[in-house]
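Here are the chains, one letter per residue:
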Amino acid sequence: MTSLLVIIVLVLLAVALWQLTKIFDLTQVGSSSDDSQVASDNDNNVQGYVMFGFLAFIYIFTIYGLLKWGNLALHTPASEHGLLVDNLMNITWVLIFVVQFITQGLLYWFSFKNRGHKDKKALFFADSNKLEALWSIIPSVVLACLILYGLYAWNNIMFVDKDEDVIEIELYAQQFKWTARYAGQDNVLGKANVRLIEGINTLGVDMSDKNSADDIVVSELHIPKGKKIHFKMRSQDVLHSAYMPHFRAQMNCVPGMVTEFAFIPTYTTSEYRELPFMVEKVANINKLRAEKSVDLVAKGGTALDPYTFDYLLLCNKICGASHYNMQMKVVVDTPEDYKKWLSEKTTLAQDIKAAAAAKEPAEGAKATTDSTAKDTVKAVIDTVKAAIAKVAMK
């Protein structure tokens, strides 16, 4: 109903403006106005100054945006290659802002300088080899340098030596959750296929593969600081994207194929929480949550819990209705804490055996119950038959 009223009000306002315009036109009847449709010097001057005003708006809004929302950008990277990514990004930003500042200024200045005037005549020339060479060569060189630097950064990030000591972890995506599989003691992931998904084996791991015997499946990702982690990624259903913003890592998870990414964490979770910028950010978030909680409690709701920073694995592809909630907590431990945590986890093979063992007594109990029920029914039938026989004899 509210939407309908808003639409009606807007329509009425449009009609009123239209009528006011007609009234204004009627008031101009008989006046000595210029209806030639040709811009006068005064018109050109006004348009020129308006363009300068728009240029000022662009510059002011750009500066305001940087000051207002610049602190929302990602801060210190938590991986070794993150510095390289941030450096490439910063160079790109600087180039964009410098070029935008210069080109926009020149565009509006020349538009004003060469505005129409009754005593001026526009100069026409078909082409200028110097100008064309200038605006073709300079962008080409700049873009070539950026692309080459980007390829250098990409190759350094993506290269994993076969003999390099890495930790193999699989990230398995499905609507709408993440699951991690560790390679275990042999550091080799067992084969997997979605056709093998059954019961507790939700990742379709091939248990006949010897490398699958020590694989560990978890719902919370733990990785050690200072150790290279080699992620292999799969998707069960649709296109997902594994995105870990603080590690400057992102890779698509494509159904039917395995994609890869590797990085070395440089801050444990507890260390990153203690960084000055993060302490300030968390304090600001909790201040906002506290203010929101006052309103919620006043309305009979529940207060919001205090926010604590954690690394997160997010999905960066719109994969369905609950895409926004597809995330997994990532914990960066010290190497000692990581080993301790991993040693406390059971393997997938052990989990499958435990599930099967728990299933057998239940099936046995069911069979015993069925047998007892059958015996009871048989005894009742025999008793009824005997009673009928006695009555017949009498």
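As annotated in an unreviewed UniProt entry, the protein is cytochrome-c oxidase from Flavobacterium psychroterrae. As recorded by UniProt, the Sequence similarities (unreviewed entry) comment attached to the protein reads in full: "Belongs to the cytochrome c oxidase subunit 2 family."

1. Looking at the side chain of Asp310
With respect to the helices and strands, the residue Asp310 is situated in the loop between helix H6 (276–298) and strand S9 (311–315). By relative accessible area, which is 19% here, Asp310 ends up buried. There is a polar contact of 2.6 Å between the side chain of Asp310 and the side chain of Arg273. Aside from chain neighbours lying at most four places away, what touches Asp310 is Thr269, Arg273 and Lys329.

2. Describing the packing of aromatic side chains
The relation between two aromatic rings is expressed through the spacing of the ring centres and the mutual angle of the planes. Across all of its chains, the model carries 22 aromatic pairs by this definition. Considering the side-chain rings of Phe52 and Trp109, the 6.5 Å spacing of their centres and the 40° angle between planes classify their relative orientation as tilted. Placement of the pair is Phe52 in helix H2 (residues 41–69) and Trp109 in helix H3 (residues 82–113), with a sequence separation of 57 residues. An angle of 35° between the planes, with centres 6.5 Å apart, marks the rings of Trp109 and Phe112 as tilted. A residue pair is termed a helical-turn pair when its members lie 3 or 4 positions apart in one helix, as Trp109 and Phe112 do in helix H3 at three residues. Classification of Trp109 by relative accessible area gives partly exposed; the value is 40%. Taking relative accessible area as the criterion, Phe112 reaches 11% and is therefore assigned buried. When the ring centre of Trp18 is taken as reference, the NZ or CZ atom of Lys22 above it lies at 4.8 Å. Positioned above the aromatic ring of Phe112, the side-chain terminus of Arg115 is 4.1 Å from the ring centre.

Calculation criteria
Residues numbered from 1 in each chain as written. Predicted model: local features only at pLDDT ≥ 70, side-chain atom pairs only at ≥ 80, totals over all residues. Heavy atoms only, no water. UniProt positions renumbered as here; feature names shortened; annotations may be inferred. Helix = DSSP H or I, 4+ residues; strand = E, 2+ residues; numbered from the N terminus. Buried < 20%, exposed > 50% of the residue type's maximum accessible area, 1.4 Å probe, protein only. Polar contact = N/O pair within 3.5 Å; in protein donor to acceptor, adjacent residues only side chain to side chain. Contact = heavy atoms within 4.5 Å. Phe/Tyr/Trp six-rings, centres within 6.5 Å; stacked < 30°, edge-to-face > 60°. Lys NZ or Arg CZ within 6 Å of the ring centre and 35° of its normal.

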